Each structure stands twice: as C-alpha cells, then as structure tokens.
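# Coordinate inspection notes
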Amino acid sequence: MSKVPRNFKLLEELEKGEKGLGAESISYGLANQDDITMTYWNGTILGPPHSNHENRIYSLTIICDETYPDKPPKVRFTTKINLPCVDSEGHVIISNFETLKNWKRSYTMETVLLELRKSMALATNKKLPQPVENSTY
C-alpha cells in the first residue's frame, strides 16, 4: 500500500479539526492560517470529569515538521499541567508517553490529544495536584 503524502494527511487533519468532526473534548487547527507548510498547530483539551482536571481547558502547541507523519509531532502544553509525561517546561516527553513512544504513521493529532486526555483520567494521574488554573509556561 502506498503512503499518503505528508501534505495530504495534514490537509485531512486540518479539515477534520476545523469542521469539528472529531471528539468534542478536544480541538486543533493551524496556529497561523498562512502556514502553507502546515507545521505549527494549536490544540485544546478539556479536562476529563471526576478528576483534578475537570472544568479546565488546556492549550498546547503541536509541531508537525517535515518528518511527520513518519515521526511523531512535537507536543508542548502552554497551560501548566502536572503529568508524568510532561516536563517542567510543558514538553510531552516521548519516552514517557506511549502514543508518541510507539508512534504509528496512521496516528493523528487527534489521537495524541485524546490519548493525553485519557492519561489525565488515569487513576494514577487524576488526583495529582495541579498548578493554579490558567497559569502558563
């Protein structure tokens, strides 16, 4: 089977993100509509219920460089969060986050955002103390 070119895959993701066709608990789109390389993206995750993340909105930056989708995007929270897979500057640590660590070309930005949200809801993570709401890196 032939590989879908990077730009076609990103155009599909852009269309899905802009039309809100994915999960309601996340959103994503280009950081700058003039970015013809479709490299810089913004993402949002609504904190899962019954956790210390409930009713919080987390903002992220996503960089899909020229290696995407063969390699995972670079993901960074801009809203402060306390999760084992996030370093002190907001970067999602590839080796601590299974979705990025075991990246598959079929994964999308939606996959990453949904899996981060699932990580927030894990029993080991949902009650972790969190930084002051709306604080940023």
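Please read these numbers as outputs of a predicted model, since none were measured by experiment.

### Regarding the sheet that holds strand β2 (residues 40-46)
Judged by pairing direction, the sheet is antiparallel, and its four strands sit side by side in the order β1-β2-β3-β4 without closing on themselves. At either end of the open sheet lies a strand with only one pairing partner, and these are β1 (26-30) and β4 (74-77). Within this sheet the neighbouring strands show an average axis-to-axis angle of 20 degrees, counted without direction. Sheet strands touched by helix α1 (residues 6-19): β1 and β2. Its angle to β1, the strand with the most contacts, is close to 125 degrees. Packed on one face of the sheet, helix α3 (residues 109-121) meets β1, β2, β3 (57-63) and β4 and runs near 35 degrees to β2.

### What about the side chain of D35?
Tracing the chain through its elements places D35 in the loop between β1 and β2. In this structure, D35 is buried with no salt-bridge partner, the nearest side chain bearing the opposite charge being R6 at 7.0 Å. A polar contact is formed between the side chain of D35 and the backbone nitrogen of T39, at a distance of 2.9 Å. Setting aside residues no more than four positions away along its own chain, D35 makes contact with L30 and Y40.

### With respect to the pairing of β4
Here β4 shows one buried face, formed by V75 and F77, and one open face, formed by K74 and R76. Relative to β4, β3 runs antiparallel, the two being bridged by four bridges. The residue bridging T61 from the neighbouring strand is R76, located in β4.

### A short note on a nonpolar patch on the surface
A contiguous nonpolar patch, built from V4, F8 and L11 and spanning about 280 Å² of accessible area, is present on the exposed surface. Topologically, F8 is positioned in helix α1.

### Overview of unusual backbone geometry
In this model, Y68 is joined to P69 through a cis peptide bond whose omega is 5 degrees. Position of P69 among the secondary structure elements: in the loop between β3 and β4. The backbone of N134 shows a phi angle near 70 degrees, a positive value even though the residue is not glycine. Inspection of the secondary structure puts N134 in the segment after α3.

Calculation notes
- Residues numbered from 1 in each chain as written.
- Predicted model: local features only at pLDDT ≥ 70, side-chain atom pairs only at ≥ 80, totals over all residues.
- Heavy atoms only, no water.
- Pairing = 2+ DSSP bridges.
- Helix = DSSP H or I, 4+ residues; strand = E, 2+ residues; numbered from the N terminus.
- Axes fitted to C-alpha atoms, helices over the stretch in contact; angles between N-to-C directions.
- Contact = heavy atoms within 4.5 Å.
- Buried < 20%, exposed > 50% of the residue type's maximum accessible area, 1.4 Å probe, protein only.
- Lys, Arg positive; Asp, Glu negative; His and termini not counted.
- Salt bridge = Lys/Arg side-chain N within 4 Å of Asp/Glu carboxyl O.
- Polar contact = N/O pair within 3.5 Å; in protein donor to acceptor, adjacent residues only side chain to side chain.
- Patch = residues over 30% accessible without salt bridge, like charges linked within 9 Å, V, L, I, M, F, W, Y side chains within 5 Å.
- Areas by Shrake-Rupley, 256 points an atom, 1.4 Å probe, with all protein chains shown as cover.

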